[in-house]
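Architecture at a glance
What follows is each chain in one-letter form.
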Amino acid sequence: MTTNLGTADANARWLNDPQHRAWLAQHARSQFDFFGACLRAAPGFHLLDFDGTPIPGAPQELHSTTRMVHSYALGQIAGVTGADKIVDHGMSYIWSHHRDTQHGGYVYALNDDGISDPVKLAYGHVFVLLAGASAKMAGHPDADRMIADATEVLNARFWDDARGLFADEFNRDWTPFSTYRGMNANMHGVEALLTAYEATGEAEYLSRAGRILDFFIGQMAPDHHWRLPEHYTEDWKVDPDYEGNPMFRPAGTTPGHSFEFARLLLQHWDLNGRPEDGAPDRARKLFRTALKDSTDAKRGGFVYTVDFDGGWMRQARYWWPVTEAIGAVAAFLKLDWTAEDEALYRELWTFADRHLIDHAKGGWFPELDEANRPEATRFTGKPDIYHSIQGTLFPMVDPLSRIAPKLAGLLA
């Protein structure tokens, strides 16, 4: 089943088309409705199955809890009824359960019996900062203490000021258990730092985001033909043979992360006053390389990982790179409209509408098989709303940065 995504006028620009914007608003509401079932009577959130029913015994992972808060904070700003309850529920759970009152910081995973995975990951901690910053923009009374606590932990435990980058992982008591360094936590660190800057106005957040961007997009990308190495040694040398968690740390490079980083670079450049530093051109090179490498012309969508020469590695096609490509190309269209970007934006939404959006039950299918049918080889149920709701909301407003305030009342 497909829906009417926009006007039939071939000359129209979908970002400004009332019909398309109405469709985006309707789709955003449907996502918030579907994931509203995550709210538990007990602390924490349910993980939802394909039909929206809770999956018993699923762990509460820090990145999922915090991204739920971030997403529903955007929904609260946009006027979604009941979003404030989910934000409040999540903020309370992060503070009362994920937060480690014995050693400081935030443990990674919980279940009804307590801590199921006690590690301390930069990846999770930057999302605590993101949740607090978005909750602050939504007016939550406990946001400031969460921003302050997350910032203190990130500064004391993860931030390497000599490098201008975040380290990755520790045991619960902050003893090291690996020398791994990675791009993913730093990329989401940029996202959190920029959001914290937008929420607080504190310049250090913007400065640190810029340092991370300088390393990955100013140095690593041009040195590797505009592909981004994911994995590094302790001294931040590329580790080309590393292979870890097949979802979070797969071998090779991950084009979906290049889509995200391109959008974040434009956000930082906009917040920084749009200096004449070539940032839009670097974002374009990063985006176009990822698009060229990963586009599956036969099946549609994007393969998950490629090698350092652009050859396909993991050919699974997930929902989230499509949402991130939508967000990035929407940013390019806002900055400098081209017919090529317009066609790509339409193509991406058409593919998502036909194959990834679950029009019957709600939400997005996380993975497609060879025939573009939903499958579940890597994920249990439907993952959180974070990627798909951002891909839906960001095209609805004009700015490249400070998007959250512009969402005010759009879904009321």
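See the structure above.
In this text, all values refer to a predicted model and were calculated from it rather than measured experimentally.

1. Observations concerning the overall build of the protein chain
- Along the backbone of the protein chain there are 13 helices and eleven strands.
- Here the protein chain has a C-alpha radius of gyration of 20 Å; the compact-globule value for 412 residues is 22 Å, and the two agree.
- The principal-axis extent of the C-alpha atoms belonging to the protein chain is close to 60 × 50 × 40 Å.
- In the protein chain, the proportion of contacts linking residues at least 24 apart, taken out of those at least 6 apart, comes to 65%.
- The average position of the 39 basic charges and that of the 56 acidic charges among the side chains of the protein chain differ by 2 Å.

2. Section: the packing of aromatic side chains
- Taken as a whole, this structure holds 28 aromatic pairs when the rule is applied.
- For the ring pair Tyr123 and Phe127, a centre distance of 5.2 Å and an interplane angle of 85° mean the geometry is edge-to-face. In this pair, Tyr123 and Phe127 both sit in helix H4 (residues 122-137), four residues apart, roughly one turn of the helix. Pair check on accessibility: Tyr123 and Phe127 agree, each one buried.
- With a centroid separation of 6.0 Å and 90° between ring planes, the pair formed by Tyr304 and Trp320 is classed as edge-to-face.

3. Structural notes on the packing of helix H2 (residues 62-78) against H4
- At a minimum axis distance of 8 Å, the contact between H2 and H4 shows a crossing angle of 20°. Regarding the angle of H2 to H4, the classification is roughly parallel. Relative to H4, the crossing made by H2 is left-handed. On the side of H2, the interface is formed by Leu62, His63, Thr66, Arg67, Val69, His70, Ala73 and Ile77, while H4 contributes Tyr123, Gly124, His125, Phe127, Val128, Leu130, Ala131, Ser134, Ala135 and Met137.
- A breakdown of the residues in the contact of H2 with H4 according to their chemical character gives eleven nonpolar, six polar and one charged.

Cut-off values and rules
Residues numbered from 1 in each chain as written. Predicted model: local features only at pLDDT ≥ 70, side-chain atom pairs only at ≥ 80, totals over all residues. Heavy atoms only, no water. Helix = DSSP H or I, 4+ residues; strand = E, 2+ residues; numbered from the N terminus. Rg over C-alpha atoms; globule rule 2.2 N^0.38 Å. Contact = heavy atoms within 4.5 Å. Lys, Arg positive; Asp, Glu negative; His and termini not counted. Charge placed at Lys NZ, Arg CZ, Asp CG, Glu CD. Phe/Tyr/Trp six-rings, centres within 6.5 Å; stacked < 30°, edge-to-face > 60°. Buried < 20%, exposed > 50% of the residue type's maximum accessible area, 1.4 Å probe, protein only. Axes fitted to C-alpha atoms, helices over the stretch in contact; angles between N-to-C directions. Parallel < 35°, antiparallel > 145°, perpendicular 65-115°, else oblique. Left-handed = near helix turned anticlockwise from the far one by under 90°. Nonpolar A, V, L, I, M, F, W, Y, C, P; charged D, E, K, R; others polar.

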